[in-house]
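# Descriptive structure summary
One letter stands for each residue in the lines below.
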Amino acid sequence: MAFYGDSRTMGKYIESSLVRNEEIVHEGQPSVFGHPRLLTLIVASTLVAVALYVQGAGLVAALAALAVALAAAGVLKVALSTVELAVTNRRVLAKTGLIRRTTSELYLNRIEGVEVDQSLLGRVLGYGTVRVRGTGDQVAEVKSVKDPLGFKKAVFATGDLAGHRNSDIDRD
């Protein structure tokens, strides 16, 4: 059941963390634009490969530059696939990392606020950092999230639907 976002299938961590009668209502997604160095390397290597091939510098040199672009694209794919962020009808769950995994789970009735941090470029390209603050010192932070304001709204809407109202929270 997805109230917000698209129908992308969540990763293994989120799916395996669901408890009985818990459903995902919104899936946060990582943004490719949150990795500018990798994107620059992919574009530059591809352009170099094309330029080398067109100028007749040799197929081997062009293929080497293209191999760099493909390797960077592979690293980007891994970076994007190791981020999971979801709002369920009970909690907010976040997981980042492949080898070193960081996880956070905050129950909706324990959330004190959701912060969104976007640079000018992030606002233009639609990505930013989402920080969900729970009671005490609980914080779930995920960088480079697509549509971070949509994720924030989903947290508040889901909390309202579940009866976890907090009148002190600004709901934009």
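Coordinates for the structure precede this section.
Rules and cut-offs
Residues numbered from 1 in each chain as written. Predicted model: local features only at pLDDT ≥ 70, side-chain atom pairs only at ≥ 80, totals over all residues. Heavy atoms only, no water. Helix = DSSP H or I, 4+ residues; strand = E, 2+ residues; numbered from the N terminus. Buried < 20%, exposed > 50% of the residue type's maximum accessible area, 1.4 Å probe, protein only. Areas by Shrake-Rupley, 256 points an atom, 1.4 Å probe, with all protein chains shown as cover. Pairing = 2+ DSSP bridges. Axes fitted to C-alpha atoms, helices over the stretch in contact; angles between N-to-C directions. Contact = heavy atoms within 4.5 Å. Patch = residues over 30% accessible without salt bridge, like charges linked within 9 Å, V, L, I, M, F, W, Y side chains within 5 Å. Salt bridge = Lys/Arg side-chain N within 4 Å of Asp/Glu carboxyl O.

## What about the overall build of the chain?
Along the backbone of the chain there are five helices and seven strands. Ordered by position from N to C terminus, the α and β elements of the chain give α-β-α-α-β-β-β-β-α-β-β-α. Burial status across the chain gives 37% buried among its 172 residues. When the accessible surface of the chain is totalled, it reaches about 10200 Å², and 56% of it is carbon and sulfur.

## Section: unusual backbone geometry
At Ser144, a residue that is not glycine, the phi angle is positive and equals roughly 60°. Of note, Ser144 is situated in strand β7 (residues 139–146). The backbone phi angle of Asp147 is positive, close to 45°, even though this residue is not glycine. Checked against the element boundaries, Asp147 lands in the loop between β7 and α5 (148–161).

## Side note on the sheet that holds strand β6 (residues 127–134)
Whether parallel or antiparallel, the strands of a sheet pair through hydrogen bonds between backbone atoms. Spatially, β5-β6-β7 is the arrangement adopted by the three strands of the open sheet, whose pairing is antiparallel. The open sheet has two edge strands, β5 (111–117) and β7, and neither has a second partner. Within the sheet, the average angular offset between the axes of one strand and its neighbour, ignoring direction, is 15°. Of the strand pairs in this sheet, β5 and β6 are connected by six bridges, and their pairing is antiparallel. Note on β6: the bridge partner recorded for Glu115 is Arg131.

## A closer look at the environment of Thr96
Looking at the element boundaries, Thr96 is found in strand β3 (residues 91–96). Spatially, the C-alpha atoms of Thr96 and Tyr13 are 9.9 Å apart, while their sequence positions differ by 83 residues. Setting aside residues no more than four positions away along its own chain, Thr96 makes contact with Thr82, Val83, Arg101, Thr102 and Val142.

## Points about a nonpolar patch on the surface
A surface patch of nonpolar side chains, amounting to about 720 Å² of accessible area, comprises Val50, Tyr53, Val54, Leu59, Leu63, Leu66 and Leu70. Elements with a contribution of two residues or more to the nonpolar patch: α2 (36–54) and α3 (59–81). A per-element tally of the nonpolar patch places α3 first, with four residues. Position of Val54 among the secondary structure elements: in helix α2. Overall, Val54 belongs to the exposed group, its relative accessible area being 66%.

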